[in-house]
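As a plain string of letters, each chain reads:
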Amino acid sequence: PLSGADLYVSGNGIVLYTLSRVFTVGAGLGYDRRTGTITPIPLGALYWEPFKNFAIRGVVPAATYVSWRPAQPVTLQLSAALDGQRYHLSGDAFAAQKAALAYSVVKTGAGARIHFGKLAHLELVGGALLARRFEVFVNDRSTGDGMLPVGPYVGVSFWIGTSGWQSDVPTPPPRNNE
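Below is a summary of the structure that appears in this document. For every chain, the first residue of the written sequence is number 1, and numbering continues from 1 onward in sequence order. The predicted nature of this model means local features are confined to residues of pLDDT at least 70 and side-chain atom pairs, given and counted, to a pLDDT of 80 or more, with totals for whole chains, interfaces and linings taken over all residues. Based on all heavy atoms of the structure, the side-chain values leave hydrogens and waters out of the count.

**As for the environment of Tyr103**
Per the convention used, a helix needs a DSSP run of H or I reaching at least four residues, while a strand needs a run of E reaching at least two, with both numbered from the N terminus. As for its placement among the helices and strands, Tyr103 is situated in strand β7 (residues 99-116). Along the chain, Tyr103 and Met147 lie 44 residues apart, while their C-alpha atoms are 9.8 Å from each other. Looking at Tyr103, its side chain comes within polar contact range of the side chain of Arg132, at 3.2 Å. Pairs of N or O atoms are called polar contacts if they sit within 3.5 Å, as long as, within protein, a hydrogen donor faces a hydrogen acceptor (for residues adjacent in sequence, only side-chain-to-side-chain pairs).

**Some details on a nonpolar patch on the surface**
Judged by side-chain polarity, Phe116, Leu119, Phe158 and Ile160 come together as a nonpolar surface patch covering roughly 470 Å² of accessible area. Here Leu119 lies in the loop between β7 and β8 (120-138). Each patch is built from residues that are more than 30% exposed by relative accessible area and take part in no salt bridge. Like charges join if they lie within 9 Å; nonpolar side chains (Val, Leu, Ile, Met, Phe, Trp, Tyr) join within 5 Å. Here the accessible surface of atoms and residues is derived via Shrake-Rupley with a 1.4 Å probe, and residues count as covered only by protein chains that are part of the display. The term salt bridge refers to a pairing of a side-chain nitrogen on Lys or Arg with a carboxyl oxygen on Asp or Glu at a separation within 4 Å.

**Observations concerning the packing of aromatic side chains**
Two aromatic rings from Phe, Tyr or Trp, using only the six-membered ring of Trp, form a pair when their centres are within 6.5 Å; if the ring planes differ by under 30 degrees the pair is stacked, by over 60 it is edge-to-face, and anything between is tilted. Inspection of every chain in the model, using the stated rule, returns 1 aromatic pair. Ring centres of Phe23 and Trp48 lie 6.4 Å apart, and the angle between their planes is 85 degrees; on these two criteria the pair is classed as edge-to-face. Highlighted residues: Phe23 in strand β2 (residues 23-32) and Trp48 in strand β3 (residues 41-51), separated in sequence by 25 residues. Classification of residues uses two cut-offs on accessible area relative to the type maximum, computed with a 1.4 Å probe and protein chains only: under 20% is buried, over 50% is exposed, and between them is partly exposed. Residue class for Phe23 comes out partly exposed when judged on its relative accessible area of 25%. Only when the NZ atom of a Lys or the CZ atom of an Arg is both within 6 Å of the ring centre and within 35 degrees of the ring normal do we say a charge sits over the ring. The residue whose ring lies beneath Arg57 is Trp165, and the NZ or CZ to ring-centre distance is 5.0 Å.

**Quick notes on the pairing of strand β9 (residues 141-147)**
Judged from the 6 bridges that link them, β8 and β9 form a sheet pairing that is antiparallel. Paired with Phe134 across the strands is Gly146, a residue of β9. If you look at the hairpin formed by β8 and β9, you'll find 2 residues sitting between the two strands, and Asn139 has a positive phi there, around 55 degrees. The rule for pairing is simple: two strands pair if DSSP sees at least two bridges between them.

Purely spatial values, then, with no claim about function.
Below, the structure is given as structure tokens:
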């Protein structure tokens with residue numbers, strides 16, 4: 001049966017301030033137990049699309065992207081990200097209750113997004129894992145941590161939704177002040 005100990009809560013609160021249609025900044029706090037730290041972390045947000053084919057966007061320290069769209073159906077990007085997960089481990093395998101493994105990774109890479117119209121997108125990415133860390137918890141107490149070897153990574157994702165480009169959002173017609 002599930003209990004409160006089986007749930008790991010994470011959340012972000014960010015206040016955004018839109019300075020113009022193509023420039024938004026923000027600040028806030030994040031909370032995530034997946035890394036084993038229960039201290040809130042500061043977050044900064046940025047969305048800047050100074051040209052219809054160039055953008056910088058992200059939430060630091062989670063992920064930041066520099067994107068360039070040389071043609072309507074293709075976006076090329078550079079990225080940097082901090083990612084992680086926390087997994088429950090089988091009590092039988094570890095002879096302990098409430099065993100968990102926290103895993104975090106720092107990565108940087110490059111990729112391409114192919115846009116099939118306005119709502120379907122395919123992303124291909126690859127790059128380097130700069131740091132990989134794990135920590136084992138039993139009853140919410142660390143029993144040790146370690147580093148894993150760094151190396152390359154690849155990824156593929158497909159989604160249905162908006163492209164993320166502000167220039168893809170239609171501009172409403174001017175209002176008549178009659």
